[in-house]
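Descriptive analysis of the structure
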Amino acid sequence: MVIGLFLKQKNIVYNWLVAIIIFLAPFNLFYKWSENSAYINGILSDYLIPKIWLVEIPILLTLFIWVIDYLRKFITASNSKKSKTISEILLNIKNNKLFVSLLLAFFLRQLFSINSLSSLLITLRLSELFLFGLFIKNNIKYISQKIIYIAITISILLQVSLANYQFFSQKNLFPYFVSGETNLTGSLNIAKLFFKKGIYVAPYGSTAHPNILAGYLVIMIIILTRLIQKNSIVKTTIEVTRNEIKNKKIIQKYLVGWLGISLISWTLFLTQSYSAIISFIVFITLKTFPKLVKKLSYLLFFITALTIPIMLFLLSQKTSFISIDRRVFLNQQAILSFTENILWGTGLNNFLYSLKTINTSEIVRFLQPAHNIFLLWLTETGLLGIALIAVLQKQIRKHVSLLTLFVLLPIVSLDHYFLTQWIGNYMLILMVYL
């Protein structure tokens, strides 16, 4: 009965669920279990702790309603339509035998990882978010653009407000159970910033790290500006003149655009997240000079992606920045691990088990995945992962623009959360489908 009521009010339910998902997405609230399985050499790694995030509840509910609605339509359809649907499914499988085979091998590989539970969880989470992306693509007509616009705006303003409060007060605004804020005054390994006036605790917002907060703000402001360009939320009627429409759009874009850029720029400065700052600069540059977008190519993207870790290595030979040394060390470890697990990789979220902690004690303590998505994917999936990407390249080119790829490049080349964190997977899905 409850499900039937949901289906009758599908539009309203989808709008509310999507708004809740957007709002809760950056909240670092989760349920965890089996912490004993997350130790490496006596050190607890947060990346290996099995978790389910609060925001996954409305996502799973959305997918459940979507599937039930599809099954209801299938059951009530005529026999000819049922046969046609089944035939289309079988034909798609037949035409994509290679992809289906690789996907099955990819899933089976995770069962034989050192920490198979961790690998399976991230595989299921990626599948969950992929389905959520398909839901958005197929049901965008039922979802109010205004609802998405408002939810993203509220989420951005909340994170900006939290970040600024945390920085200037050097403490949390809410307890953890309210918004997922990290305990800035009592937790170990809190990120700190060095300014002329002294050392400050970096703002986290409601995310797990300042870099994630910065990346989230950049991605969401980009999505917001795209929505404004594609679907103006200003309602017009026949009586409204063209000049009035034009003026309203100009005012809307000016206020939202410049206010958003100002707030995001200031907050990015507070986080000192260089990868997100560079991505934001790339986005603003490409939007300001659209002729540059025409000069972008997949070859240039590949060359730039290959050049960044090389430049980091060369830079580490001439400087002594700990953040650069860490990234170079982890990149080297990723390449070494790939050569040892060239066919199947280590398994998703199992990179840490391949780390050769033979350097200084500081590096040993810094147990984190490689801060480069390309190298991390290569290490954890091997040639099997490359084959999957190769098979999907046409779909990737179709759904992911070059502008998107180049904007994301600094973040995916200098950090790992797009693959290792739920919020990172979520941001990638939104960039593709919104």
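Before any of the text, the structure's been laid out above.
Residues numbered from 1 in each chain as written. Predicted model: local features only at pLDDT ≥ 70, side-chain atom pairs only at ≥ 80, totals over all residues. Heavy atoms only, no water.

This part covers the overall build of the chain. On a plain count of helices and strands, the chain comes out with 19 helices and 6 strands. Across the 434 residues that make up the chain, the buried fraction comes to 45%. Considering only contacts in the chain between residues 6 or more positions apart, those separated by 24 or more positions represent 74%. Surface exposure of the chain reaches about 23400 Å², of which carbon and sulfur atoms provide 68%. (Helix = DSSP H or I, 4+ residues; strand = E, 2+ residues; numbered from the N terminus. Buried < 20%, exposed > 50% of the residue type's maximum accessible area, 1.4 Å probe, protein only. Contact = heavy atoms within 4.5 Å. Areas by Shrake-Rupley, 256 points an atom, 1.4 Å probe, with all protein chains shown as cover.)

On inspection of all chains with the given rule, the structure shows 4 cavities of 30 Å³ or more. Taken together, 17 residues make up the lining of the largest cavity; nearest its centre are Y47, I49, R125, N349 and T420. Listing elements by their share of the lining of the largest cavity, those giving two or more residues are strand 4 (51-53), helix 6 (116-139), helix 18 (417-420) and helix 19 (422-433). Considering every element that reaches the lining of the largest cavity, the biggest residue donor is helix 6, with 4 residues. The residue inventory of the lining of the largest cavity, partitioned by class, reads 9 nonpolar, 5 polar and 3 charged. Each pocket or cavity is described by its volume, and for the second largest cavity that value is around 80 Å³. Lining the second largest cavity are A25, P26, F27, N28, W53, T207, A208, I212, Q421, W422 and I423. (1 Å grid on protein atoms, 1.4 Å probe; cavity = no way out; pocket = protein on both sides within 12 Å on 5 of 7 lines; lining within 4 Å. Points joined across faces, edges and corners; volume = space filled by probe spheres on them. Nonpolar A, V, L, I, M, F, W, Y, C, P; charged D, E, K, R; others polar.)

This brings us to the side chain of S118. Structurally, S118 is set in helix 6. Assessed through its relative accessible area of 6%, S118 is described here as buried. In contact with S118, other than residues within four places in its own chain, are Y47, L48, L348, N349 and N350.

Turning our eyes to something else, we now look at the pattern of salt bridges. A complete count under the given rule lists 5 salt bridges for this structure. E56 serves as the salt-bridge partner of R125, at 3.2 Å between the closest nitrogen and oxygen. Here the residue R125 occupies a position in helix 6, and E56 occupies one in helix 3 (residues 56-76), the gap between them amounting to 69 residues. Of the two residues, R125 and E56, neither departs from the other in class, the shared state being buried. For the salt bridge of R72 with D69, the shortest nitrogen-to-oxygen distance reads 2.7 Å. Here R72 and its partner D69 are both found in helix 3, 3 residues apart, which amounts to about one turn of the helix. Among the charged side chains, a salt-bridge network with shared partners connects D69, R72 and K73. (Salt bridge = Lys/Arg side-chain N within 4 Å of Asp/Glu carboxyl O.)

Quick look at the environment of Y433 now. Mapped onto the elements, Y433 comes out in helix 19. Through-space distance from the C-alpha of Y433 to that of K137 is 6.3 Å; in sequence the pair is 296 residues apart. The contact partners of Y433, leaving out residues within four places of it in the chain, are F130, G133, L134, I136 and K137.

Here N96 is to be found in the loop between helix 4 (79-95) and helix 5 (97-111). Taking C-alpha positions, N96 is 9.3 Å from V391, a pair spaced 295 residues apart along the chain.

Turning our attention to the packing of aromatic side chains. Evaluation of the coordinates by the stated rule reveals 16 aromatic pairs. Ring geometry for Y14 versus Y142: centroids 6.5 Å apart, planes at 50 degrees, classification tilted. Here Y14 is found in helix 2 (residues 10-24), whereas its partner Y142 is found in the loop between helix 6 and helix 7 (145-169), with 128 residues between them in sequence. According to the relative accessible area criterion, Y14 is buried, its value standing at 0%. One residue, K51, lies across the ring of F30, its end atom 4.6 Å from the ring centre. (Phe/Tyr/Trp six-rings, centres within 6.5 Å; stacked < 30°, edge-to-face > 60°. Lys NZ or Arg CZ within 6 Å of the ring centre and 35° of its normal.)

The interhelical angle for the contact between helix 2 and helix 7, taken along N-to-C directions, is 20 degrees, at an axis separation of 9 Å. Put simply, helix 2 runs roughly parallel to helix 7. Helix 7 is crossed by helix 2, and the crossing has right-handed handedness. Residues N15, V18, A19, I22 and F23 of helix 2 pack against I147, I148, A151, I152, I154, S155 and L158 of helix 7. The residue inventory of the contact of helix 2 with helix 7, partitioned by class, reads 10 nonpolar, 2 polar and no charged. (Axes fitted to C-alpha atoms, helices over the stretch in contact; angles between N-to-C directions. Parallel < 35°, antiparallel > 145°, perpendicular 65-115°, else oblique. Left-handed = near helix turned anticlockwise from the far one by under 90°.)

Attention now moves to the side chain of Q333. Among the structural elements, Q333 can be located in helix 13 (residues 322-340). You can call Q333 buried: its relative accessible area is 8%. The contacts of Q333, once residues within four sequence positions are left out, are F351, S354, L355 and K356.

For helix 19, which comprises 12 residues, the first-to-last C-alpha distance of 17 Å matches the rise-based estimate of 16 Å (1.5 Å per residue) to within 8%. For helix 19, the full list of buried residues reads W422, I423, G424, N425, Y426, M427, I429, L430, M431 and Y433. (Expected span 1.5 Å × (residues − 1).)

Moving on, we come to the nonpolar core. By size, the foremost hydrophobic cluster in this structure holds 99 residues, and its most contacted members are I152, I156, F418, W422 and Y426. Sorting elements by how many residues they give to this core places helix 9 (residues 210-230) first, with 14 residues. In this structure, I190, V201, A202 and L270 belong to the second largest nonpolar core, which totals 9 residues. (Core = buried A, V, L, I, M, F, W, Y, C linked by side-chain atoms within 4.5 Å.)

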